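Fold and contact review
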Amino acid sequence: MAPRTRRRTRATIAMLALAATGLAMTAAGTPASAEPGGPTMLDPKLAVRTAATGLVSPTGLAFLGDDDMFVIEKTTGRVQRVVDGAVADTPLDLAVNFGSERGLLGIALHPRFPANPGVYLYWTESTTGADTSVLSETPLLGNRVDRFVWNGSTLTFDRNLIRIRAVQEDAGQPARANHNGGVITFGRDRKLYIFTGDLGRRGQLQNLTCGPTADCPGPIVPDDQFGGPKPDSAHLSGVVLRLNDDGSTPITNPFFRAGAALGGEAGATVQKIFSYGHRNGFGMTVDPDTGNVWMQENGDDSFSELNRLEPGMNGGWIQIAGPVARIGQFKEIETTFGGQNLQQLRWPPSNIADSPWQALRRLFMLPGAHYSDPEFSWKWEVAPGGMGFLDSRRLGPQFEGDLFMGAATGALNGGYLFRFNLTGNGRQIAVDDPRLKDRVADNLAKHDITESESLLVGRDFGAVTDIETDPDGNLAVLSLTDGKVYTIHRR
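Quick caveat, the model's predicted, so the values are computed rather than measured. (Residues numbered from 1 in each chain as written. Predicted model: local features only at pLDDT ≥ 70, side-chain atom pairs only at ≥ 80, totals over all residues. Heavy atoms only, no water.)

**Focus on the pairing of strand β9 (residues 118–124)**
- With seven of its seven residues buried, β9 lies for the most part within the structure.
- Where strand β8 (residues 104–109) and β9 come together, five bridges link them in antiparallel fashion. Paired with I107 across the two strands is L121, which belongs to β9. (Buried < 20%, exposed > 50% of the residue type's maximum accessible area, 1.4 Å probe, protein only. Helix = DSSP H or I, 4+ residues; strand = E, 2+ residues; numbered from the N terminus. Pairing = 2+ DSSP bridges.)

**Concerning the sheet that holds strand β28 (residues 464–469)**
- Spatial strand order, β3-β30-β29-β28: four strands in an open sheet with antiparallel pairing. Of all strands in the sheet, those bounded by a partner on one side alone are β3 (46–52) and β28. On average, each strand axis in the sheet is tilted by 25° relative to the strand beside it, whichever way the strands run.
- Relative to strand β30 (residues 484–490), strand β29 (residues 475–479) runs antiparallel, the two being bridged by five bridges. Counted as the bridge partner of V477 is Y486 from β30. (Axes fitted to C-alpha atoms, helices over the stretch in contact; angles between N-to-C directions.)

**Topic: the nonpolar core**
- One finds I162, L192, I194, L241, F255, I273 and Y276 to be the most contacted residues of the largest nonpolar core, which totals 26 residues.
- Elements that contribute at least two residues to this core include exactly β8, β9, β11 (155–164), β12 (184–186), β13 (192–196), β14 (239–243) and β15 (273–276).
- In contact with I273, not counting residues within four places along its chain, are L205, L236, V239, V240, L241, N253, P254 and F255.
- Core analysis: the second largest hydrophobic core is formed by 22 residues, W294, I429, A441 and L455 among them. (Core = buried A, V, L, I, M, F, W, Y, C linked by side-chain atoms within 4.5 Å. Contact = heavy atoms within 4.5 Å.)

**Examining the side chain of T196**
- Structurally, T196 is set in strand β13.
- Residue classification places T196 among the buried positions, given a relative accessible area of 0%.

**Observations concerning the state of the cysteines**
- Under the counting rule described, the total for this entry stands at one disulfide.
- Across a sulfur-sulfur distance of 2.0 Å, C210 and C216 are joined as a disulfide pair. The sign of the 70° torsion about the S-S bond sets the C210-C216 disulfide as right-handed.
- The exposure class of C216 is partly exposed, given its relative accessible area of 38%. (Disulfide = S-S within 2.5 Å.)

**Digging into helix α3 (residues 264–271)**
- Residues of α3 that are buried include every one of A266, G267, T269, V270 and Q271, and no others.
- Where the residues of α3 are buried, they touch α2 (256–262) and β15.

**Focus on the sheet that holds strand β17 (residues 293–297)**
- As summarised here, the arrangement of the five strands in space is β16-β17-β18-β21-β26, forming an open sheet in which the pairing is mixed. At either margin of the open sheet sits one strand with a lone partner, and together these are β16 (284–286) and β26 (440–441).
- Across three bridges, β16 lies against β17 in antiparallel orientation. The residue bridging M284 from the neighbouring strand is M295, located in β17.
- Contacts from helix α4 (residues 327–336) reach β18 (302–308) and β21 (376–380) within the one sheet, and its direction differs from that of β18 by about 135°.

**As for the pairing of strand β24 (residues 417–422)**
- Counting buried residues along β24, six of its six residues qualify, which places the element largely inside the surrounding structure.
- Residues L417, R419 and N421 line one face of β24 and the alternating positions F418, F420 and L422 line the opposite face, and both faces are buried.
- Direction of pairing for strand β23 (residues 403–407) relative to β24: antiparallel, over a ladder of four bridges. Across the sheet, the residue bridging to G406 is L417, located in β24.
- As paired elements, β24 and strand β27 (residues 456–459) share two bridges and run antiparallel to each other. Bridge pairing in β27 places L417 opposite G458.
- The antiparallel hairpin formed by β24 and strand β25 (residues 429–430) contains six residues in its connecting segment, where G426 sits at a positive phi of about 70°.

**A short note on the pattern of salt bridges**
- Tallied over the full model, the rule gives 29 salt bridges.
- The salt bridge involving R202 is made with D198; its shortest N-O contact spans 3.3 Å.
- Residue D442 pairs with R326 through a salt bridge whose shortest N-O separation is 2.8 Å. Taken as a pair, D442 in the loop between β26 and β27 and R326 in the loop between β19 (313–314) and α4 lie far apart in primary sequence, 116 residues in all.
- One connected set of salt bridges, linked through shared partners, spans R165, D170, R201, D223, D224 and R346. (Salt bridge = Lys/Arg side-chain N within 4 Å of Asp/Glu carboxyl O.)

**Observations concerning the side chain of D223**
- Within the element layout of this structure, D223 appears in the loop between β13 and β14.
- By relative accessible area, which is 2% here, D223 ends up buried.
- Separated by 3.0 Å, the side chain of D223 and the backbone nitrogen of R202 make a polar contact.
- Discounting chain neighbours no more than four positions away, the residues touching D223 are R201, R202, G203, P212, G228, P229, H235 and R346. (Polar contact = N/O pair within 3.5 Å; in protein donor to acceptor, adjacent residues only side chain to side chain.)

Below, the structure is given as structure tokens:
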């Protein structure tokens, strides 16, 4: 399908970027806030109001109609139906393991909903039959994506699509439960895209061909006590999966033939992969103009990323974070700042390559794979969160088709809201600030705004887990820390 041609011209983009830069620097005295102490918009044409309250650790939303939505809650396992701004009922309550970054994490409605009443959920299963934060109380493949059926009042289990690794109790290391990813979305191709983080794995899908060892080529080292480094079902991590709506594997997937040639359990999992070499992230969305899938990726202490996913893409992690030309900065920051262990002990940052050529040569390349630099990145981690495109002119034509991204913490601007304009073909981030011509914000420290001032459109949203266009054409922003849905609207 040909993309819709509604992107602005480069000249218009430049004028808007200049205006945004000035507003970000001068409008602090006249913000448009939802409530005292709440989030504010820095563009005087935009305001924010509270659209829903009373939510507990909300992580995703899906609109059923005007003032009618599902909101999922990370720690309770509940799918809440929110009507006219308040929780009306609970159509489903799952027993979740919500330790660390686990829990009820992702929701997507079938593209033909409600004619097809499928509601898809990504969640971490509890082995106790009740909600728990005890890290050991989940199966090895405790992250799961299931389809439920909506009958107008309840959600009923229909089928499991896939089970994904959850346990991180590696031998000789403390138990962890982070980097579960969990965002899911249907593409314009009506395929379900599922992101799972690296789960602390150090195998082939983390670009360690020989496993967690500095000596490669050389003896193959198991990823952990459960096997690896080959990508079997227990080591399918740091990937975006692409499945049919019934959980089967599309034959059009980029590694379908490679997986068939590999055979066995590892081959079957490879067939499901759309892209790999990712660390972790909390936001994935589809461009309504082009159908391209975009995903943010969190760094450890360096190089947060914004990626346009391509079939067969290798994002480079753990050998590369940020543009490969910046490999020296990646290694310098990760070996001198913070924990200096990439949140894992089996492959230290001292192993990072000393040159772009060396890093690229080390990548684990499935047949047909290709490496891609991020479309935009930050030198120091800015902790990206939920993201979404505005598929509407309701806020004004200058905002139509723009990409909005929130923060995963309140450490920067109380929870920033960034706005990105895309180039006419929808493949790159358009910039006007000359400091961003290389598509890297060279900020000066972790959670620092330097070189992102022109991107800042809102602040004090807390940890943002989802951004959607609502049925009225406004922008809905879900805040985990505030337990609220905010609506960004035109004054």
